[in-house]
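Structure assessment
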Amino acid sequence: MNDQGGTSLREMLGAVKDPAFELKLLPGWERHSPDDAGKEKMDAAMKQRFMAANRPELHATLRSQLDEAYELMQKQNVVAYFAQTGDMGDSKAYYPASMLAAIRRSQDGGDLGAYVAQAVRDHGAKPLFGDKRFIRFERESTRVLEGGNIVVTSIVYMTPIPGTKRRRGLQITASLARPEAMPATDEKFIGWKNGLDLCVSTLRWSPA
């Protein structure tokens with residue numbers, strides 16, 4: 001896995017380097033390194049875009065997600081962060097969302113079968129578009145921000161890393177915010193989720 005932060009402990013101990021991964025990103029989405037410099041650069045780009053589009057409330061929502069995501073990155077094995085910070089061209093499809101990719105390991109040193117079974121049992125995890133290489137499940141929480149509450153939907157995707165005998169997996173977590181007044185059945189919200197699903201489904205591995 002390309003951790004964008006130098007040689008990992010595993011590599012220093014002589015382990016084979018994980019393969020890199022790529023996603024076909026949505027319009028305006030970019031991949032970022034999980035460090036402070038990357039965070040400030042990304043926030044400045046988001047603020048400029050949303051102010052130009054006269055949507056300051058979207059920047060406020062995503063700034064909150066950004067702070068939370070980078071705090072989480074410091075605690076987990078995060079290797080990449082994705083957000084809509086680049087040139088969108090003619091697209092007007094703003095996504096109040098972000099994604100982070102992290103390495104998940106089994107707690108007992110075995111494979112990830114127990115994690116998958118728990119995700120199915122507790123969260124109703126299912127294959128992504130029927131592709132059993134991925135499992136997918138959702139969780140929701142309500143958060144209080146200035147101007148009103150928002151509902152944050154976390155969409156969790158997990159797939160084994162090739163060559164690891166299913167002992168390590170790549171977990172991609174997408175955080176998607178919507179106003180509390182917007183129901184989960186809203187067509188725009190469903191469209192946002194479908195777009196994120198399609199993006200993750202394009203994941204491809206490169207040789208180590």
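1. Here we look at the sheet that holds strand 8 (residues 168–179)
Taken together, the 7 strands give an open sheet; going across it, the order is 2-3-4-8-7-6-5, and neighbouring strands pair in antiparallel fashion. Two strands close off the open sheet at either side, each with one partner strand: strand 2 (30–32) and strand 5 (126–128). Taking each pair of neighbouring strands and ignoring which way they run, the sheet shows an average axis angle of 30°. The pairing of strand 3 (residues 78–83) with strand 4 (residues 97–105) spans 5 bridges and is antiparallel. Bridge pairing in strand 4 links Val78 to Ala102. Across the sheet, helix 5 (residues 187–201) touches strand 4, strand 5, strand 6 (131–145), strand 7 (148–160) and strand 8, and the angle it forms with strand 8 is around 160°.

2. Here's the deal with the layout of surface pockets
Its volume calculated, the largest pocket comes out at about 640 Å³. Along its surface, the largest pocket is lined by 30 residues, and Leu72, Gln76, Arg139, Gln171 and Thr173 are the ones closest to its centre. Of all the secondary structure elements, the ones that give two or more residues to the lining of the largest pocket are helix 3 (56–73), strand 4, helix 4 (113–123), strand 6, strand 7 and strand 8. Partitioning the lining of the largest pocket into residue classes produces 11 nonpolar, 11 polar and 8 charged. Estimated volume of the second largest pocket: approximately 500 Å³. Lining the second largest pocket we find 22 residues, and of these Arg55, Glu57, Leu58, Thr61 and Pro179 sit closest to its centre. Secondary structure elements with two or more residues in the lining of the second largest pocket: helix 3, strand 7, strand 8 and helix 5. Element by element, the count of residues in the lining of the second largest pocket is highest for helix 3, at 5 residues. Counted by class, the lining of the second largest pocket contains 11 nonpolar, 5 polar and 6 charged residues.

3. Some details on helix 3
An α-helix turns once per 3.6 residues; consequently, residues spaced three or four apart project the same way. For helix 3, built from 18 residues, the straight-helix expectation of 26 Å at 1.5 Å per residue is met to within 8% by its first-to-last C-alpha distance of 25 Å. Within the sequence span of helix 3, burial applies to Leu58, His59, Thr61, Leu62, Gln65, Leu66, Ala69, Tyr70 and Met73. Seen from one end, helix 3 has its buried residues packed into an arc of 160°, which puts them on one side.

4. Description of the pairing of strand 6
Along any regular strand, the residues point their side chains to alternate faces of the sheet. Relative to strand 6, strand 5 is paired through 3 bridges, and the arrangement is antiparallel. Within strand 6, the residue paired with Pro127 across the bridge is Ile135. In this structure, the hairpin formed by strand 5 and strand 6 is closed by a connection of 2 residues, where Phe129 is found at a positive phi of approximately 55°. Where strand 6 meets strand 7, 11 bridges bridge the pair, whose relative direction is antiparallel. Bridge pairing in strand 7 links Glu140 to Thr153.

5. Some thoughts on the confidence of the model for the protein chain
Of the residues in the protein chain, 91% reach a pLDDT of 70 or more, and the chain-wide mean stands at 85. For the protein chain, helix 1 (residues 9–12) is the element with the lowest average pLDDT, namely 48, and strand 5 is the one with the highest, namely 97. Residue range residues 1–7 is modelled with pLDDT below 50. Its contacts to residues more than four positions away, or to other chains, number 22 contacts.

What counts and how
Within every chain, residues take consecutive numbers counted from 1 along the sequence as written. In keeping with the model being predicted, local features are shown solely for residues with a pLDDT of at least 70 and side-chain atom pairs are shown and tallied solely at 80 or more, while totals for entire chains, interfaces and linings include all residues. Side-chain metrics rest on all non-hydrogen atoms present in the structure, leaving aside hydrogens and water. At least two DSSP bridges between two strands are needed for those strands to be called paired. Comment: elements are numbered from the N terminus, with helices defined as DSSP H or I runs of at least four residues and strands as E runs of at least two. Angular values range over 0 to 180 degrees, each being the angle between N-to-C directions of two axes fitted as lines to C-alpha atoms, with helices fitted over their stretch in contact. Residue contacts are defined here by distance: any two heavy atoms, one from each residue, within 4.5 Å place the two residues in contact. A 1.4 Å probe that fits into a set of points on a 1 Å grid over the protein atoms alone but cannot get out defines a cavity; an open set with protein on both sides within 12 Å along at least five of seven lines defines a pocket, and lining residues are those with an atom within 4 Å of a point. Grid points are joined across faces, edges and corners, and a volume is the space filled by probe spheres set on the points. Under this grouping Gly is polar, as are all residues other than the nonpolar Ala, Val, Leu, Ile, Met, Phe, Trp, Tyr, Cys and Pro and the charged Asp, Glu, Lys and Arg. Expected span, for any helix, means 1.5 Å times one less than how many residues it has. Each residue gets one of three labels from its accessible area relative to the maximum for its type: buried under 20%, exposed over 50%, partly exposed in between, using a 1.4 Å probe on protein chains only. An arc is given here, and it is the one of the directions from the helix axis to the C-beta atoms. pLDDT is a residue-level measure of predictor confidence that goes from 0 to 100.

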